[in-house]
Amino acid sequence: SQKIEQNSEALNIQEGKTATLTCNYTNYSPAYLQWYRQDPGRGPVFLLLIRENEKEKRKERLKVTFDTTLKQSLFHITASQPADSATYLCALDAIKAAGNKLTFGGGTRVLVKP
Amino acid sequence: DAGVIQSPRHEVTEMGQEVTLRCKPISGHDYLFWYRQTMMRGLELLIYFNNNVPIDDSGMPEDRFSAKMPNASFSTLKIQPSEPRDSAVYFCASSPGPNTEAFFGQGTRLTVV
């Protein structure tokens, strides 16, 4: 069956450290993978998109890697701050080259302690 | 642009009643998505449209759920009759094209009692 798995346990991290989140998928062949941030009571907000032919993407303190052999994406928040505390969701196109069927993983909650 | 606009923000209804959720996507966006989010199941894709045409409704849980997009600036998700297990936050999102980011609305929190 198809799965998009993220660590359901919350990630507690000290301010200033690097948070690393994992997104693993099974029985998908995505053309791209996206990461979103969701705060309580709000809709998800787009952060980064990485395509299947890209190994790494950066945006400010965020870095995403994409390994289509391992079927895995890693999401890093460097020099983490309490304001980074939120739930982070990965998403991919469930049917390659067939439009835009954006399907999400369950999300990982990150808590950055001062 | 004001972003994706959903209404109402909160809806409480009695079991058996019809519920209609509304969405105004960002102007110029070709794709519109309806998602449902619960603690147990996370963010589930219910249906998505491209240029007002439903492309994939395989996530719609039952015949009680229906979605329409009569024009590029408006979509509805209807539940008839509603049941307590439909209680969730329903999100609408739009995106400008394939393989691009999605912009989410604030969501509608539905409670069916």
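Enquirer: So what about the nonpolar core? Which residues, and what values?
Expert: If you look at the biggest cluster of nonpolar residues, it comprises 24 residues, and the most contacted ones within it are A:Leu21, A:Leu33, A:Trp35, A:Phe75 and A:Tyr88. Of all the secondary structure elements, the ones that give two or more residues to this core are strand E3 (19-26), strand E4 (32-38), strand E5 (45-51), strand E7 (62-67), strand E8 (72-77), strand E9 (86-93) and strand E11 (108-113) of chain A. Contacts of A:Phe75, omitting those with residues within four sequence positions, involve A:Ala19, A:Thr20, A:Leu21, A:Trp35, A:Leu47, A:Leu62, A:Lys63, A:Val64 and A:Tyr88. With 21 residues, the next largest nonpolar core counts B:Leu32, B:Leu46, B:Tyr90 and B:Cys92 among its residues.

Enquirer: Let's hear about the state of the cysteines: which residues, and what values?
Expert: Counted according to the given criterion, the structure contains two disulfides over all chains. With a sulfur-sulfur separation of 2.0 Å, A:Cys23 is cross-linked through a disulfide to A:Cys90. Measuring the twist about the S-S bond at about 65°, one finds the A:Cys23-A:Cys90 disulfide to be right-handed. Of this pair, A:Cys23 sits in strand E3 while A:Cys90 sits in strand E9, placing them 67 residues apart in sequence. Here A:Cys23 and A:Cys90 have matching classes, each one buried. Across the disulfide from B:Cys23 sits B:Cys92; the S-S distance is 1.9 Å. Across the S-S bond of B:Cys23 and B:Cys92 the torsion is about -65°, and the bridge reads as left-handed. Of the two residues, B:Cys23 sits in strand E3 (residues 19-24) while B:Cys92 sits in strand E9 (residues 88-95), which places them 69 residues apart along the sequence. Take B:Cys23 and B:Cys92: they sit in the same class, and that class is buried.

Enquirer: Tell me about the sheet that holds strand E6 (residues 56-59) of chain A, and name the residues and values.
Expert: All names here are of chain A. Strand order in the open sheet made by the five strands is E1-E3-E8-E7-E6, with antiparallel pairing throughout. Every other strand in the sheet has two partners, leaving strand E1 (3-6) and E6 as the edge strands with one partner each. If you compare each strand with its neighbour and ignore which way they point, the axes differ by 15° on average. Here E7 runs beside E8; their pairing, made up of six bridges, is antiparallel.

Analysis parameters
- Residues numbered from 1 in each chain as written.
- Chains lettered and ligands numbered in written order.
- Predicted model: local features only at pLDDT ≥ 70, side-chain atom pairs only at ≥ 80, totals over all residues.
- Heavy atoms only, no water.
- Core = buried A, V, L, I, M, F, W, Y, C linked by side-chain atoms within 4.5 Å.
- Buried < 20%, exposed > 50% of the residue type's maximum accessible area, 1.4 Å probe, protein only.
- Helix = DSSP H or I, 4+ residues; strand = E, 2+ residues; numbered from the N terminus.
- Contact = heavy atoms within 4.5 Å.
- Disulfide = S-S within 2.5 Å.
- Pairing = 2+ DSSP bridges.
- Axes fitted to C-alpha atoms, helices over the stretch in contact; angles between N-to-C directions.

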